[in-house]
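# Observations on the three-dimensional arrangement
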Amino acid sequence: MLSLQHISKYYQVGGNKNIILNNISLEVDEGEFISIMGPSGSGKSTLLNIIGMLDEPNEGYHYFMGQAVHQLKEKQRSALYKRYIGFVFQAYHLIDELTVYENIETPLIYQDVKGSERKAMVADMLDRFQIVGKKDLFPAQLSGGQQQLVGIARALIASPKLILADEPTGNLNSKQGEDIMELFRKLNKEDGVTIIQVTHSEKNAEYGTRIINLLDGKIESSRKF
Amino acid sequence: MIRNYLKIAWRNMLRNKVYSVLNVVGLAAGMAVALLIGLWVAQQYAYDRFLPNYKNLYQVKFNFTDPHDGEHTQPAVCLPLANVLRTTVPGIKRVAETGWVGFNVRNLRVGDKKLLPASGDVDPGFLKIFQYPFVKGDRNTALKDVYSIVIDESTAKALFGNDDPMYKTIRVDNQHDVKVTGVFKDIPATASLKFSSLLPFSYKRLTEPWMKNAYNEWGNNSFEMYVELQNGITYEQIAPKIKDLLIKYQPDYKRAKGEVIFQPVKDQHLYSDYKNGKAVGGLIDYVRMFSLIGALVLLIACINFMNLSTARSEKRAREVGVRKAIGSQRRDLIFQFLTESLMITFAAFLFSILLVQLVLGPFNALTGSTISIPYGSLIFWGIMIGYVALTGLLAGSRPAFYLSSFNPVKVLKGTIQVGKAASLPRRILVVVQFSCSVSLIISTVIIYQQIQYVKDRPVGYNRDRLASTFMSDDLMHGYDALKNELLASRMVESVTKASSPLTNIFWHTGIDKWPGQNAGEQGINIAGITVTDNYFKTVGMKLIEGRDFSPDWASDTTSVIINEAAAKRMGLKEPVNQLIDYAGMKKQRIIGVVQDALMESPYTPAEPTVFNHGRGPNIMIYRLAAGVDPHAAMEKIGKIFDKYNPAYPFDYVFVDDAYNQKFNFETLIGKLAGIFAALAIFISCLGLFGLAAYVAEQRTKEIGIRKVLGASIANVWMLLSKDFLVLVLISCVIASPVALYFLEPWLKKYDYHINIGPGVFLFSAIAAIIITVLTVSFQAIKAALANPVSSLRSE
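What counts and what doesn't
- Residues numbered from 1 in each chain as written.
- Chains lettered and ligands numbered in written order.
- Predicted model: local features only at pLDDT ≥ 70, side-chain atom pairs only at ≥ 80, totals over all residues.
- Heavy atoms only, no water.
- pLDDT = per-residue confidence, 0-100.
- Pairing = 2+ DSSP bridges.
- Helix = DSSP H or I, 4+ residues; strand = E, 2+ residues; numbered from the N terminus.
- Axes fitted to C-alpha atoms, helices over the stretch in contact; angles between N-to-C directions.
- Contact = heavy atoms within 4.5 Å.
- Buried < 20%, exposed > 50% of the residue type's maximum accessible area, 1.4 Å probe, protein only.
- Phe/Tyr/Trp six-rings, centres within 6.5 Å; stacked < 30°, edge-to-face > 60°.
- Lys NZ or Arg CZ within 6 Å of the ring centre and 35° of its normal.
- Salt bridge = Lys/Arg side-chain N within 4 Å of Asp/Glu carboxyl O.
- Buried area = accessible area lost by both parts, 1.4 Å probe.
- Polar contact = N/O pair within 3.5 Å; in protein donor to acceptor, adjacent residues only side chain to side chain.
- Nonpolar A, V, L, I, M, F, W, Y, C, P; charged D, E, K, R; others polar.
- Parallel < 35°, antiparallel > 145°, perpendicular 65-115°, else oblique.
- Left-handed = near helix turned anticlockwise from the far one by under 90°.

### Points about the confidence of the model for chain B
Looking at chain B as a whole, the pLDDT averages 87, with 97% of positions reaching at least 70. As scored by the predictor, the complex reaches a pTM of 0.79 and an ipTM of 0.75.

See the structure below:
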């Protein structure tokens, strides 16, 4: 479903090139659950952002769902990404001024889903994550684990084919982290959602079907289970 | 989607109460100012447009280009022109000659009810040219009869109560009875001709003997005249046909290049200043000036909004990042932020309507206007929707484009310090704001200085306790007895009569010959005033040379007294005993020279004036005795007047009031400029207050560290205030030449004006700096007093 070929990303700092990603090539098939690991500064998040089209590489080719992303215009890219990709952040990044319900609903608004349909979909999602009782609370009134649950619910609401998670458990305790990972595994196995996560934790990485190790912007190793 | 946006906007407003209040209040004040000015401007443009045929209406004017006295345009015209226009110029539908509609006052009496309403004497065609709505009677026939009158509803009510006024009798000026043949609606405030009653022009001819031959006198320019052009005829088509009519029928006008021109009635209110026979300015200059001020104050308010919004962007940046990450396009975000600013603008608009409603009364009283908010007008609401939308977009566009441009990856990671990037544009905007405000302060100060300077100018006579009364025929007959009784009452110190009051000159004439006149040199235009005994003593004008008129009427029939300006204009070194030809009278002897007095505009030099001695003048001038209470005195004097003048109500003017009225316009402009300057500064300070709070918040940690390292409160205060002071100083430097650019031409319009010195700029700069320091210090000191431990711990 996804193919990166010879992707490089660098910043010009003074006269020096600060290389973040160095000639990375990567194929991802539908139904995979990939964990990206590596020390700080190895380019994990940048890679994830490029896959998620939040960031653009300086060089290389990027294909997603059969389309050449590097040739698309901003608008088409946005359309493609709205349809297929959901994002989960380490810091949850819920909108503070919106309730749980409204946070989950927002992506649907951007996809012009009708009001009645939205209602049904959000209700469904609240049900599935068992947070119906919390739907009118604001993010500040929730624990970190609950906030991340809402974050994932928001990422899933538009039924994406691919979930990108940037250290989804980084701000959570180990019990909460395990719950989230179990949820990811279930999504991957039962719903066939492709997941790519960035993580520091060996244990969380093992929930995946493949582990990719990055070092200094290069793929150091790739293991499949 | 909009619901979602509105919800966010609403919750954001609630969460940041201080910012919201600053935003809404600032914007509301700005919008109120612009709305108020807009209503005023709209009213000025609405003058006379209610007349159904206003596009075809013109007033006849004469334009002269005299080689010696310069060029001027006057509304006073001569009567024979009326018939020439009627019969020889195709394209003119109607002509109406009038006797100063609205300036004349007629005494109307029914039983014991006496009124002195503004009146006019008009040709019957006037009612068809000016189609003021009639309530009763027929405009086509109303003024055909000599002894007829039309009155407005208020006058009808005052004279006849609830009775039907039609065909009832009114006594006019205690001379003739006339019949009411029509009642018209009270003239609206937006009419440039305002009057309460009209008499036929034939009545004027019948009752005023001097008019006997007026229809043959091409030199008797004592009337006003209006015309209506036929539909589809433009002034451009008519102009060449009328231009030379004066010279054609009266070759004497060749010397002064007399020309006939028409001025559109719809322009009369706005354009009163003529240059080279073209209306070039007048009230329109002030309408434009205040439109500009309104726009500036609104701009200042919008800048507040922009600055506060972008300063607060740090708090919104994460939201932008998240929204982009979950599928929002930049377009959506721009739309969202514009929705927000429109919502705030709408809230501000509601407040501004409330504000305008509150200040409308005082504003009308101050400006002498009658504006109101036209709540029932669809057009008004249509314009208001546009106004809110435009203001919202103006204020919201910069925040919308700025905020929506954030890169989601960076803001979510917190790697860029948003808000800081916008600080240069923000500074520029603050400078723009303060430049406008300081320019307004400078302008206000200069306008006030000019008014004060002219008010303090010596006028050449003494205004204290001096009053004047126009005399009716009855008063003229009983003048000597009245005078004696007034003096005997000890309420009055001195009494005299003159043909002009002290604050106006009613007659201009010429000196045709004088000693030392160059061969071929033409006559001199001068003011001519006829006075009785005691004139100079009563009004307090000093004789410099020669003597006063003697009380015995025989000796001074061919004597005149001139003022200094007249002596100077003729170039006479020793004027006393010289002979001049004056107003068609040959060999008048100059017996005295009197000090110059300002009788017309206080801004121009005194006019050359010749006084002669006569019994005829009908304006009584008297000075109340020193030490009496003026109001009590007037009450007592009134009773004496009533005895000699039973048909008229007692009517008088204090010369000091009449003199001060000459400054009404300038004082008004000064007051308005002052109010708007204060508002502009207030709104700018609201913005500054918000920005200072933001900067203090952003630098909390830095301030904490500095305090731990030993910085005093004064140090921190300086640190935070300095930046803003620099901006305000830059604004002062920019504002000074800008204000100068606008005010120098304004001052040049007055012959007698101040010279702008550096003081006013220094004063304004110091005022602006003090205001800035006060505004910013609140936040700076608050930040400086905070305990550094708490700010550092939170890191």
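### Regarding the sheet that holds strand β4 (residues 59-64) of chain A
The sheet built from four strands is open, its strands ordered β2-β1-β4-β5 (chain A) with antiparallel pairing. Looking at the sheet topology across the chains shown, the edges are occupied by β2 (16-28) and β5 (67-68) of chain A.

### Considerations on the sheet that holds strand β7 (residues 162-166) of chain A
Residue and element names in this part refer to chain A. The mixed open sheet is built from six strands, whose spatial order is β6-β7-β8-β3-β9-β10. Two strands bound the open sheet, and with one partner strand each, they are β6 (85-88) and β10 (218-224). Strand-to-strand twist across the sheet, computed as the mean angle between neighbouring axes with direction ignored, equals 15 degrees. The sheet contact formed by strand β9 (residues 210-215) and β10 spans six bridges and is antiparallel. Each residue of the ladder has a partner; that of Asn213, found in β10, is Ser221. Seen against the sheet, helix α1 (residues 44-51) touches β3 (33-37), β6, β7, β8 (194-198) and β9 and runs at an angle of roughly 155 degrees to β7. Along the sheet face, helix α6 (residues 174-190) touches β3, β6, β7 and β8 and points at about 150 degrees away from the line of β8.

### Remarks on the side chain of Asn49(A)
Positionally, Asn49(A) belongs in helix α1. For Asn49(A), a relative accessible area of 6% gives the class buried. Not counting chain neighbours up to four residues away, the residues in contact with Asn49(A) comprise Leu54(A), Asp55(A), Phe87(A) and Val409(B).

### Description of the packing of aromatic side chains
Residue and element names in this part refer to chain B. Using the criterion set out here, one finds 45 aromatic pairs over all chains in the structure. When the centroid spacing of 6.0 Å and the interplanar angle of 10 degrees are considered together, the rings of Phe130 and Tyr132 count as stacked. Tyr132 matches Phe130 in its accessibility class, with the two residues each being buried. Summarising the aromatic geometry, the rings of Tyr741 and Phe742 are spaced 5.3 Å apart at their centres and angled 85 degrees between planes, so their arrangement reads as edge-to-face. For the pair shown, Tyr741 and Phe742 are each scored as exposed. Put simply, the rings of Phe50, Phe126, Phe130, Tyr132, Phe184, Phe195 and Tyr226 touch in pairs and so form one group of aromatic residues. Taking NZ or CZ as reference, Arg457 lies 3.9 Å from the ring centre of Tyr752, over its face.

### Looking at the pairing of strand β23 (residues 585-594) of chain B
Residue and element names in this part refer to chain B. Bridge count between strand β20 (residues 543-546) and β23: three bridges; the pairing is antiparallel. Pairing of Glu545 across the sheet is with Val593, part of β23. When strand β21 (residues 559-563) meets β23, the two strands line up parallel, connected through five bridges. Following the sheet pairing, Val560 is matched in β23 by Ile590. For strand β22 (residues 579-582) and β23, the ladder comprises three bridges, and the chain directions are antiparallel. Bridge pairing links Leu579 to Arg589 in β23. Taken together, β22 and the strand that follows it, β23, pair antiparallel across an intervening segment of two residues, in which Ala583 is found at a positive phi of about 50 degrees.

### As for the pattern of salt bridges
All names here are of chain B. Evaluation of the coordinates by the stated rule reveals 29 salt bridges over all chains. The closest approach of N and O atoms between Glu228 and Arg94, which form a salt bridge, is 2.9 Å. Of this pair, Glu228 sits in strand β12 (residues 224-229) while Arg94 sits in strand β3 (residues 92-105), and the two are 134 residues apart along the sequence. Residue Glu228 is classed as buried on the basis of its relative accessible area of 3%. Linking Arg547 and Asp556 is a salt bridge whose minimum nitrogen-to-oxygen distance equals 3.0 Å. Salt bridges linked by common partners bring Arg106, Asp121, Asp173, Lys204 and Glu208 together as one network.

### Some remarks on the interface of chain B and chain A
Counting residues at the interface gives 26 residues for chain B and 25 residues for chain A. When the two sides are added together, the surface that chain B and chain A hide from each other amounts to roughly 2,400 Å², 55% of it contributed by carbon and sulfur. Interface area lost by chain B to chain A is led by Arg11(B), Arg318(B) and Ile326(B), which between them contribute 24%. Where chain B meets chain A, there are four salt bridges. A salt bridge links Glu97(A) to Arg15(B); the shortest N-O distance between them is 3.5 Å. Applying the counting criterion to the chain B and chain A interface returns ten residue pairs in polar contact (both at pLDDT 80 or more). With seven residues, the single largest contributor to the side of chain B that touches chain A is helix α1 (residues 2-15) of chain B. Here the side of chain B that touches chain A is built from residues that sort into nine nonpolar, seven polar and ten charged.

### Re the packing of helix α14 (residues 423-455) of chain B against helix α23 (residues 713-748) of chain B
Residues and elements named next belong to chain B. Contact pair α14 / α23: the axes reach a minimum separation of 6 Å and the direction vectors enclose 45 degrees. What the angle tells us is that α14 and α23 run oblique. α14 and α23 meet at a crossing whose hand is right-handed.

### Quick notes on the pairing of strand β1 (residues 2-13) of chain A
Residues and elements named next belong to chain A. The pairing of β1 with β4 spans five bridges and is antiparallel. Bridged to Leu2 within β4 is Phe64. Sheet topology places β1 next to β2; nine bridges connect them, and they run antiparallel. Bridging across to β2, Ile7 finds its partner in Ile24. Between β1 and β2, which pair antiparallel and follow one another directly, the connecting turn spans two residues, one of which, Gly14, has a positive phi of 60 degrees.

### Thoughts on unusual backbone geometry
Unlike most non-glycine residues, Glu167(A) shows phi in positive territory, near 45 degrees. Look at Ala583(B): it is not a glycine, yet its phi comes out positive at around 50 degrees. In this fold, Ala583(B) is placed in the loop between β22 and β23. A relative accessible area of 24% means that Ala583(B) is categorised as partly exposed.

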